[in-house]
Amino acid sequence: MKYWLIIMIILGFATSFNQKLKGQEKPPKPIKVTVNLAQGIEFGSFVHGESGGTVSITPAGVRSATGNIILINQGASPSPAIFLVEGNKGTLITITLPASATLTGSNGGSLLLNFGNPNSPDITSCGSPFILTAESPFTLEVRIGGTLTIGSSIANPPGTYGGNFAVTFNQQ
């Protein structure tokens, strides 16, 4: 009788803890992610002296300068690069950025564009990695900023500077 009572108590505890646990929802197969460039990074107009300096743009579009750089409000408006990401809910995406890119000038010279760590709020608006959390079609705006390193006025003559860089969105 004593053993039956112990068995009944154990079975009672076992059935009372029979709960379903939920983990992260798996994305549907096949995983489909679409990334489109909505806007390229734009540092706006500036003037620099002999010693140069840096011009930075944050993901929020805030522009700042260091060194012998004067920011002017003329020409194109400063803005971060903006990518539109669409995919299935639950998809994990990691952003891979190059450490830097070279921009060449229309009148000679080149500028170095530095990105830094994609996990930093100074570089990307969402960090990396991130998970798409809404049902498709849902578009997430990913903003990427950076910092231009500008040399002397001889090394970087006035003109328009441009170039390309690769941003990789890895889906998992």
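J.: So, the nonpolar core: which residues are in play, and what are the values?
T.: Counting residues in each nonpolar core, the largest one holds 26 residues, and the members touching the most others are Val142, Ile144 and Phe169. In contact with Ile144, other than residues within four places in its own chain, are Ile41, Pro80, Ala81, Phe83, Leu97, Phe115, Ile123, Thr124 and Val167.

J.: Can you lay out the sheet that holds strand β6 (residues 100–105) for me, pointing to particular residues and giving the numbers?
T.: An order of β3-β2-β10-β7-β6-β11 is seen for the 6 strands of this open sheet, with the pairing classed as antiparallel. Of all the strands in the sheet, the pair left with one neighbour each is β3 (63–72) and β11 (161–162). By the bridge criterion, 9 bridges tie strand β2 (residues 45–57) to β3 in an arrangement that is antiparallel. Across the sheet, Val55 pairs through a bridge with Ala65, a residue of β3.

J.: For the packing of aromatic side chains, give the residues involved together with the corresponding values.
T.: For the coordinates displayed, the defined rule picks out 2 aromatic pairs. Ring geometry for Phe115 versus Phe165: centroids 4.7 Å apart, planes at 50 degrees, classification tilted. Within this pair, whereas Phe115 is found in the loop between β7 (110–114) and β8 (130–131), its partner Phe165 is found in the loop between β11 and β12 (168–171), the two being separated by 50 residues in sequence. By relative accessible area, which is 25% here, Phe165 ends up partly exposed.

J.: Residue-level account of the side chain of Ser56, with values.
T.: The residue Ser56 is located in strand β2 in this model. We classify Ser56 as buried; its relative accessible area is 17%. Side chain to side chain, Ser56 and Thr147 meet in a polar contact 2.9 Å long. Leave out the neighbours within four places in its chain, and Ser56 touches Phe43, Val62, Arg63, Ser64, Gly146 and Thr147.

The rules behind each value
- Residues numbered from 1 in each chain as written.
- Predicted model: local features only at pLDDT ≥ 70, side-chain atom pairs only at ≥ 80, totals over all residues.
- Heavy atoms only, no water.
- Core = buried A, V, L, I, M, F, W, Y, C linked by side-chain atoms within 4.5 Å.
- Buried < 20%, exposed > 50% of the residue type's maximum accessible area, 1.4 Å probe, protein only.
- Contact = heavy atoms within 4.5 Å.
- Pairing = 2+ DSSP bridges.
- Helix = DSSP H or I, 4+ residues; strand = E, 2+ residues; numbered from the N terminus.
- Phe/Tyr/Trp six-rings, centres within 6.5 Å; stacked < 30°, edge-to-face > 60°.
- Polar contact = N/O pair within 3.5 Å; in protein donor to acceptor, adjacent residues only side chain to side chain.

Geometry only, nothing functional implied.
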